[in-house]
Amino acid sequence: MDKYFNLYREMISLRGLTDHTLKSYSTYIRSYLDYLQNILHKSPEDVSWQELRNFIKWLQKERNLADRTINCVISQLRFFTIYVLHKPWDDNQLPKRKFDEYLPFVPSQKETFEFISTIPDIKQKAMVAVMYSSGLRIGEVCHLRYDDISRSSMRVHIRQSKNRSERFAPLSKFALDILTQYWFECDRPKGWLFPKQTDPSRPIDTYFLSRHIHAHEERLGWPKRITCHSFRHALGTHLYENGTDLLTIKAFLGHKSLNSTTIYVHLASTSFSEVVNPLDKMGGIAHE
């Protein structure tokens, strides 16, 4: 089965996908190939649609996967079938799951400031401050270089974004002050802005900050609700609460579609409080 797996990874690489995508896209294909070898005792070319469906059922039972994750597995199987086996794919044979949409937790503006301002470690504090003030993804923070920070224009240059397009994001003075303190106290890095401690020639790992965010929640006595991405959502939400229009927020965060930005209408605490309900207005008119 190794030849199929290696060819699959090669086809992903040829499409120019990132290393992170390559890793995530390989997870369940390896499980699928192991399933064929150890349970079905079949080669991928001989697998029927019913056996593909059985694999999905088996995988969900064994790993208790969410519907959203199952859809990712189906996408990987589709890619494998088309680009490795060179066989047609029929969406009607293995349809994707419907799943409930949910709104992510977003800390308030007061909570966000309290969280950032009380982080004791200056490196962690600088990473969170930049992540929030510029609306960056954790991967974008980890891959910042010294030259990406422009003091004169007060903006951050993001070179490696999720949708493979560069952008500039504004940088707050508060975040820049924290970043400057970090830079002077932590050996003045000139390459990667946040280098890996054991190997400064490489950027820091994305999981570094995740565990420290949860540790700081415990330190504050807060429940574990905040993730690295919470700060990106928080910025979009807080900008909208402060009166910034959605098109500006879209450009700020580097969204490809405005649909991704409209979630902040639902997350903002001011969205409904400032709207006059028609029934209240009617009642007011009726009692005048």
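Please read all numbers here as calculations on a predicted model, not as lab measurements.

(A) How the structure looks around the pairing of strand β2 (residues 155-158). Note that strand β1 (residues 149-150) and β2 share two bridges and pair antiparallel. Its bridge partner lying in β2, Ser150 is registered against Arg155. The antiparallel pairing of β1 with β2 creates a hairpin that spans four residues between the two strands, and Met154 there sits at a positive phi of about 55 degrees. When β2 meets strand β3 (residues 167-170), the two strands line up antiparallel, connected through four bridges. The residue of β3 that forms the bridge with Val156 is Ala169.

(B) The side chain of Glu241, seen in detail. Here Glu241 is to be found in helix α10 (residues 228-241). One buried charge, Glu241, has no salt-bridge partner; the nearest side chain with opposite charge is Arg225, at 14 Å. Polar contacts involving the side chain of Glu241 include one to the side chain of Gln109, which spans 3.0 Å.

(C) Inspection of helix α9 (residues 207-220) at higher detail. With 14 residues, α9 should cover 20 Å at 1.5 Å per step; its first-to-last C-alpha distance of 21 Å lies within 8% of that length. When we look at burial in α9, the residues that qualify are Phe208, Leu209, Ile213, His216 and Glu217. All buried residues of α9 lie within an arc of 160 degrees about the axis, which places them on one face of the element. Exposed and oriented more than 90 degrees from the buried face of α9 are Tyr207 and Glu218. Where α9 ends, the next residue or the one after it, Gly221, has phi of about 80 degrees, a positive value.

(D) Inspection of the nonpolar core at higher detail. In this structure, Met127, Met131, Leu179, Phe194, Leu209, Ile213 and Phe231 are the most contacted members of the largest nonpolar core, which totals 47 residues. It is helix α6 (residues 122-134) that contributes the most residues to this core, eight residues altogether. Core analysis: the next-biggest nonpolar cluster, separate from the first, contains 27 residues, Leu59, Leu77, Leu85 and Trp89 among them.

(E) Region of interest: helix α4 (residues 67-83). Between its first and last C-alpha, α4 extends 24 Å over 17 residues, near the 24 Å set by a 1.5 Å rise per residue. All of the buried residues along α4 are Ile70, Asn71, Val73, Ile74, Gln76, Leu77, Phe79, Phe80 and Thr81.

(F) The arrangement of the sheet that holds β3 in detail. Strand order in the open sheet formed by three strands is β1-β2-β3, with antiparallel pairing between adjacent strands. Edge positions in the sheet fall to β1 and β3, since each has one partner strand and no second.

(G) Spatial organisation of unusual backbone geometry. One non-glycine residue, His41, lies in the positive phi region at around 55 degrees. Turning to its location among the elements, His41 is positioned in the loop between α2 (19-40) and α3 (49-63). Residue classification places His41 among the exposed residues on the basis of a relative accessible area of 62%. Here the phi dihedral of Arg188 falls at roughly 50 degrees; this positive angle occurs in a residue that is not glycine.

(H) Spatial organisation of the side chain of Thr261. Here Thr261 lies in helix α12 (residues 258-261). Separated by 2.8 Å, the side chains of Thr261 and His255 make a polar contact. The residues contacting Thr261, other than those within four sequence positions of it, are Leu246, Ile249, Lys250 and His255.

Each value, and the rule that gives it
Residues numbered from 1 in each chain as written. Predicted model: local features only at pLDDT ≥ 70, side-chain atom pairs only at ≥ 80, totals over all residues. Heavy atoms only, no water. Pairing = 2+ DSSP bridges. Helix = DSSP H or I, 4+ residues; strand = E, 2+ residues; numbered from the N terminus. Buried < 20%, exposed > 50% of the residue type's maximum accessible area, 1.4 Å probe, protein only. Lys, Arg positive; Asp, Glu negative; His and termini not counted. Salt bridge = Lys/Arg side-chain N within 4 Å of Asp/Glu carboxyl O. Polar contact = N/O pair within 3.5 Å; in protein donor to acceptor, adjacent residues only side chain to side chain. Expected span 1.5 Å × (residues − 1). Arc of directions from axis to C-beta. Core = buried A, V, L, I, M, F, W, Y, C linked by side-chain atoms within 4.5 Å. Contact = heavy atoms within 4.5 Å.

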